2 protein chains.
Amino acid sequence: MSQTVDSAVSAVRTYIEQHRAAFLDDLAEWLRIPSVSAQPDHAPDVRRSADWLAAKLKETGFPTAEVWPTPGAPAVYAEWPSGDPEAPTVLVYGHHDVQPAAVEDGWDSDPFEPVVRDNRLYARGAADDKGQVFFHTLGVRAHLAATGRDAPAVNLKLLIEGEEESSSPHFRALVEEHAERLAADAVIVSDTGMWSEDTPTVCTGMRGLAECEIRLSGPDQDIHSGSFGGAVPNPATAAARLVAALHDAHGRVAVPGFYDGIVELTDRERELFAELPFDEDRWLRTAKSHATHGEAGHTTLERIWARPTAEVNGIGGGYQGPGSKTIIPSTAFVKLSFRLVAGQDPGQVEKAVRAWAAERLPAGIRHEIAFSPATRPCLTPLDHPALRSVVRAMGRAFEGPVRFTREGGSGPAADLQEILGAPVLFLGISVPSDGWHAPNEKVELDLLVKGVETTAYLWGDLAENWRHAP
Amino acid sequence: MSQTVDSAVSAVRTYIEQHRAAFLDDLAEWLRIPSVSAQPDHAPDVRRSADWLAAKLKETGFPTAEVWPTPGAPAVYAEWPSGDPEAPTVLVYGHHDVQPAAVEDGWDSDPFEPVVRDNRLYARGAADDKGQVFFHTLGVRAHLAATGRDAPAVNLKLLIEGEEESSSPHFRALVEEHAERLAADAVIVSDTGMWSEDTPTVCTGMRGLAECEIRLSGPDQDIHSGSFGGAVPNPATAAARLVAALHDAHGRVAVPGFYDGIVELTDRERELFAELPFDEDRWLRTAKSHATHGEAGHTTLERIWARPTAEVNGIGGGYQGPGSKTIIPSTAFVKLSFRLVAGQDPGQVEKAVRAWAAERLPAGIRHEIAFSPATRPCLTPLDHPALRSVVRAMGRAFEGPVRFTREGGSGPAADLQEILGAPVLFLGISVPSDGWHAPNEKVELDLLVKGVETTAYLWGDLAENWRHAP
């Protein structure tokens, strides 16, 4: 067996080594297209990026590779059937649009002219997310070369959207429209990262997100705080009291019903988190913060990855200028966001928040609450066979143990999970130093190649260990 | 005695009737000068207003009438000694600057072209404060005419500032500079109002004012609420918790030491407030508010006139634009104002607020507090002989009982009280419908004449009932 493994590894590595230079040239060509979805004057570039990717996927061997238009920027869809009726179907998610970037922001070189320094490839999109999308192209070729197959061991589908950096406004509708073609047994998201260069990890969940703005009205106009102060309700005070009532003394969210149904961390998961080489001082520097603070009885990693939260993203009311103005403001607002974990339903959270706010506001303060479209949480069960395959494939590529993380943020992957009814897994090789959304974004070439290698092992492992039950 | 009183009243009224037309012509001439202290292009008008008033006071008979320059707009000072070494000295305070006004704001006629309609004089400054300053000119002449004196029964001083509508930035320094010449046994402020046309009242106090801005810092820059939410302190939450902690469940200010030393309302004062024909629904409409709210155990009038308060005048932090932004803000602020009542020391309040805020903020939140210059509260004791004189003089003019009010706001009169060490009394004839700071400001001509008449009786009553003890 060890013999077999070694020879398979060797075949994969040889193939990758032979094609690495061309792979990097191709990636560089793609990175030169400034597919900035947030800037309207780059709309032609985003379309060009989609066309380029579809063509490249055809060249890679995908029998089908299409550009799917949306009311905004187009997505790319590709599929490569296995031919095996019992093979599981995997849908890879990524995005081909990038964050804005300009040399003036502090880049050491042109963000859209890729350059390699110290075995790192610098360019906007190198890690987020073109690099991580692109390792799938060489990965599937290496998988075929090493196994002698002419189609992947799984039915492989790719959905690479073009608006992720603009909050994916049309993604949900796109997935709903094409749900039948996108049907899959598992979704693999390649738009995340690992713990560090030395600690390969698999992310097993992202938090969901419910956001709202609460607008409060008191007096019909600003009134004099000398003439009326102390005798009528002040909407800024009411807003502050709402925010103060969001948490109890133990840092738990105090909205009744908020925790209903949540999937609690198991002892095993807490142990797995605790095994990570977490340095709180270093983390605080990354957070640019001066203390930790949060729900009692939980570590920082548990708090950001696995516990639901309530945060104030904005608050305002009354006089905002320099000095003072003796008014009772007419209006005030708070913008709140709730990160959700598995088991929480955004609709139930919205209902709970509405009831909580309505009950707490005093007579004379009117209010309105507007919720934005929510994102559901997603969580991969630790014992899911597809997750085991990802861990094994990654372990072979990295030649060492693979640990588990989660992401505190939220992403459109949850829409895939919900609409397609498939579990979401994460396969990413980016590291915190890659500088997503920042100047001098880069990807570590050695890790990028490990991503290629991981997917080269993954499809075979999945097909072998997890049969599709039609 | 009744014979004497009647003949005195008759003499005063006859004199006023004879000079009423010329008095109103003069007032109209003054109101035509747009002495708007807040607008730099009206600075020459404010100076012209001061010159005009000084000349008019000389014409009235004041041996001394001077324009006192300040680094901003000038004040006018006048004095008319009694000649009686035991006569008390009274300093009248008012202001000759006015609020901005423009026809476009909704005036039915030019705000600086006075016009009489329905026995009301409409013009910016008619009530606030030129009309109420000006009744003193005819009042002292009527006093002399009716008593046959050639100097007032009291040593009469006037200090009419030019920056009251711009927060009196140089007033305190001016009073300190001229403290010796301004020395008085009592200060009479003619810059307030009465309960209503039918209910003549004397104001017996104004609240003081301490204002501060608390600036809170958390992360060194806005950070991602997905990556870090729930694990570091949020300065907007900290700001809200401070505000929420300002009051206890009974609506009392919860800053330890805040109430130390305050002069509580006596049962007699509460009875006097309760005697006023207060209509809460009507008051709420004036407050443009939809409910009353405040310290338990106190009526609305007690809350706005005689109880100290804490109000939020402004709050801000984080994202202020439309929609949502998933950040933990780097900074937040609250602007607070505390209305103070007799017995509270602004310095002590500042100290208490600083200690309270410092103690309540969590680790990782840094803060700065900036206090603006404070205004002290003032309160006339109900049994003060000068107050009794004011009440008697007003009672004769209005031919009926005089009740007591207070003002919830704060004013520079408190500086006079503090620097000169003299009690402050209020004599004003404006009514709530006069529209201070609003379009179509007016003064009721009948009440303006009652103001003239009141001062015509006041100086003799004061000299007779309250001797100066050198």
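Refer to the structure printed above.
Residues numbered from 1 in each chain as written. Chains lettered and ligands numbered in written order. Predicted model: local features only at pLDDT ≥ 70, side-chain atom pairs only at ≥ 80, totals over all residues. Heavy atoms only, no water.

A.B. asks: Looking at this model, I keep getting lost on the packing of helix α3 (residues 130-147) of chain B against helix α14 (residues 445-465) of chain B. Mind explaining?
C.D. replies: The packing of two helices is summarised by the inter-axis angle and the distance between the axes. Residues and elements named next belong to chain B. The N-to-C vectors of α3 and α14 enclose an angle of 50°; their axes lie 7 Å apart at closest approach. Here α3 lies oblique to α14, going by the angle between them. As for how α3 packs across α14, the hand of that crossing is right-handed. Between α3, through Gly131, Phe135, His136, Leu138, Gly139, Val140, Ala142 and His143, and α14, the contact on the second element is made entirely by Leu448, Gly451, Val452, Thr455, Ala456, Trp459 and Gly460. Across the contact of α3 with α14, the residue classes break down as 8 nonpolar, 7 polar and no charged. (Axes fitted to C-alpha atoms, helices over the stretch in contact; angles between N-to-C directions. Helix = DSSP H or I, 4+ residues; strand = E, 2+ residues; numbered from the N terminus. Parallel < 35°, antiparallel > 145°, perpendicular 65-115°, else oblique. Left-handed = near helix turned anticlockwise from the far one by under 90°. Contact = heavy atoms within 4.5 Å. Nonpolar A, V, L, I, M, F, W, Y, C, P; charged D, E, K, R; others polar.)

A.B. asks: Looking at this structure, how should I read the side chain of Arg339(B)?
C.D. replies: Checked against the element boundaries, Arg339(B) lands in strand β13 (residues 331-340). Notably, Arg339(B) is buried but unbridged: the nearest opposite-charge side chain belongs to Glu211(B), and the N-O separation is 6.2 Å. A distance of 3.1 Å separates polar atoms of two side chains, one belonging to Arg339(B) and the other to Ser225(A). (Buried < 20%, exposed > 50% of the residue type's maximum accessible area, 1.4 Å probe, protein only. Lys, Arg positive; Asp, Glu negative; His and termini not counted. Salt bridge = Lys/Arg side-chain N within 4 Å of Asp/Glu carboxyl O. Polar contact = N/O pair within 3.5 Å; in protein donor to acceptor, adjacent residues only side chain to side chain.)

A.B. asks: For this particular structure, what's the right way to read the environment of Asn465(B)?
C.D. replies: Residues and elements named next belong to chain B. Along the polypeptide, Asn465 turns up in helix α14. With a relative accessible area of 41%, Asn465 lands in the partly exposed category. Counting along the chain gives 76 residues from Asn465 to Ser389, while the straight-line C-alpha distance between them is 7.5 Å. Beyond its immediate stretch of four places on either side in the chain, Asn465 contacts Pro385, Ser389 and Arg392. A polar contact of 2.8 Å, which involves the side chain of Asn465, links it to the side chain of Asp461.

A.B. asks: Would you mind going over the interface of chain B and chain A with me for this structure?
C.D. replies: Facing 73 residues of chain B, the contacting portion of chain A comprises 73 residues. Together, the buried faces of chain B and chain A total about 5400 Å²; carbon and sulfur atoms form 54% of this surface. Among the residues chain B hides against chain A, the three largest losses belong to His293(B), Asn313(B) and Ile315(B). Together they make up 11% of the total. Where chain B meets chain A, there are 0 salt bridges. Between chain B and chain A we count 38 residue pairs in polar contact (both at pLDDT 80 or more) in total. A per-element tally of the side of chain B that touches chain A places strand β11 (residues 309-318) of chain B first, with 9 residues. For the side of chain B that touches chain A, the per-class residue count stands at 26 nonpolar, 34 polar and 13 charged. Pairing of strand β11 (residues 309-318) of chain A with β11(B), which is carried by 5 bridges, proceeds in the antiparallel orientation. Each bridged residue has a counterpart across the sheet, and for Gly318(A) the counterpart in β11(B) is Gly314(B). (Buried area = accessible area lost by both parts, 1.4 Å probe. Pairing = 2+ DSSP bridges.)

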